[in-house]
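# Commentary on secondary and tertiary structure
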Amino acid sequence: LEALDGFLSALAVSPETVPPEEWKPVVWGGKPPRWDNAEEAAEVDALLAAHARMVEQRVRFDGDDLPDHLAPLLWLPEDPSEHDDDELDVGHDWALGFFRGVELREAAWDAWLDEHDWIDEIFTYLDRLASGEVLGEDPEGDTTPLGYEERLGIIVQLPAMLADLNHHRVDALTP
């Protein structure tokens, strides 16, 4: 579910609209799911559509007080001290889902990244969540593991990052 939330977030702020008939097969792993009956299929489809609408509301929300029901769907431990630091890969699946959504319109995202350094900065943060590493000045050099507190710092910024991307998307699509 965390990866799905990231995936739908990428679609919501994408430079180009991705129609459901293109992204839904990705959600199901490339092949249509088999349901017990039509009611079950309709129920799952309604849940998926509702989550996509909620994500669209999240990216349009502008302000510091994001309602809890719009928060990114992420696993957070109740007590971080009960886990080893390397087990606390909070945001990892969300970021991987986001990048999977980006792949559906990779050329358009690349054009945005080439034109806007601030978008590249957002992708750097998301890459840190996905990889669990912070690159140094030398891309060939050693990396530093991303700690739990650093992960939380990025996660807290996610709604604002998504809102910025959405504002840019709307500006780009507005004649």
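Presented here is an overview of the structure given in this document.

Cut-off values and rules
- Residues numbered from 1 in each chain as written.
- Predicted model: local features only at pLDDT ≥ 70, side-chain atom pairs only at ≥ 80, totals over all residues.
- Heavy atoms only, no water.
- Helix = DSSP H or I, 4+ residues; strand = E, 2+ residues; numbered from the N terminus.
- Expected span 1.5 Å × (residues − 1).
- Bend = angle between axes of the 7 residues up to and from the residue.
- Salt bridge = Lys/Arg side-chain N within 4 Å of Asp/Glu carboxyl O.
- Buried < 20%, exposed > 50% of the residue type's maximum accessible area, 1.4 Å probe, protein only.
- Core = buried A, V, L, I, M, F, W, Y, C linked by side-chain atoms within 4.5 Å.
- Contact = heavy atoms within 4.5 Å.
- Phe/Tyr/Trp six-rings, centres within 6.5 Å; stacked < 30°, edge-to-face > 60°.

### Some remarks on helix 7 (residues 148-173)
- If you check helix 7, its first and last C-alpha atoms are 37 Å apart, about what 26 residues at 1.5 Å a residue would give, namely 38 Å.
- At Leu158, helix 7 is bent by approximately 45°, the largest bend along its length, and proline Pro159 sits one to four residues beyond.

### Focus on the pattern of salt bridges
- According to the stated counting rule, one finds 5 salt bridges in the structure shown.
- A salt bridge links Glu16 to Arg105; its shortest N-O distance comes to 3.4 Å. Of the two residues, Glu16 sits in the loop between helix 1 (2-13) and helix 2 (20-27) while Arg105 sits in the loop between helix 4 (92-103) and helix 5 (106-115), which places them 89 residues apart along the sequence.
- Overall, Glu16 belongs to the partly exposed group, its relative accessible area being 39%.

### Observations concerning the nonpolar core
- Ranked by size, the top nonpolar core spans 43 residues in total, and within it Leu8, Trp23, Phe98, Trp109, Phe123, Leu126 and Leu165 carry the most contacts.
- Where this core is concerned, the elements lending two or more residues are helix 1, helix 3 (38-60), helix 4, helix 5, helix 6 (117-131) and helix 7.
- Once you skip the residues sitting within four places of it in the chain, Leu165 turns out to touch Val13, Phe98, Trp109, Trp112, Trp118, Ile119 and Ile122.

### Thoughts on the packing of aromatic side chains
- As enumerated under the stated definition, the model contains 9 aromatic pairs in all.
- Plain terms: the ring middles of Phe98 and Trp109 are 6.0 Å apart, the flat faces sit at 65° to each other, and that makes the pair edge-to-face. In this pair, Phe98 is assigned in helix 4 and Trp109 in helix 5, connecting sequence segments 11 residues apart. Residue Phe98 shares its accessibility class with Trp109, and that shared class is buried.
- Relative to Trp112, the ring of Trp109 has its centre 5.4 Å away and its plane inclined at 80°; by these criteria the two rings are edge-to-face. Here Trp109 and its partner Trp112 are both found in helix 5, 3 residues apart, which amounts to about one turn of the helix. Accessibility classification places Trp109 together with Trp112 in one group, the buried group.
- Put simply, the rings of Trp94, Phe98, Phe99, Trp109, Trp112 and Phe123 pair up and form one aromatic cluster.

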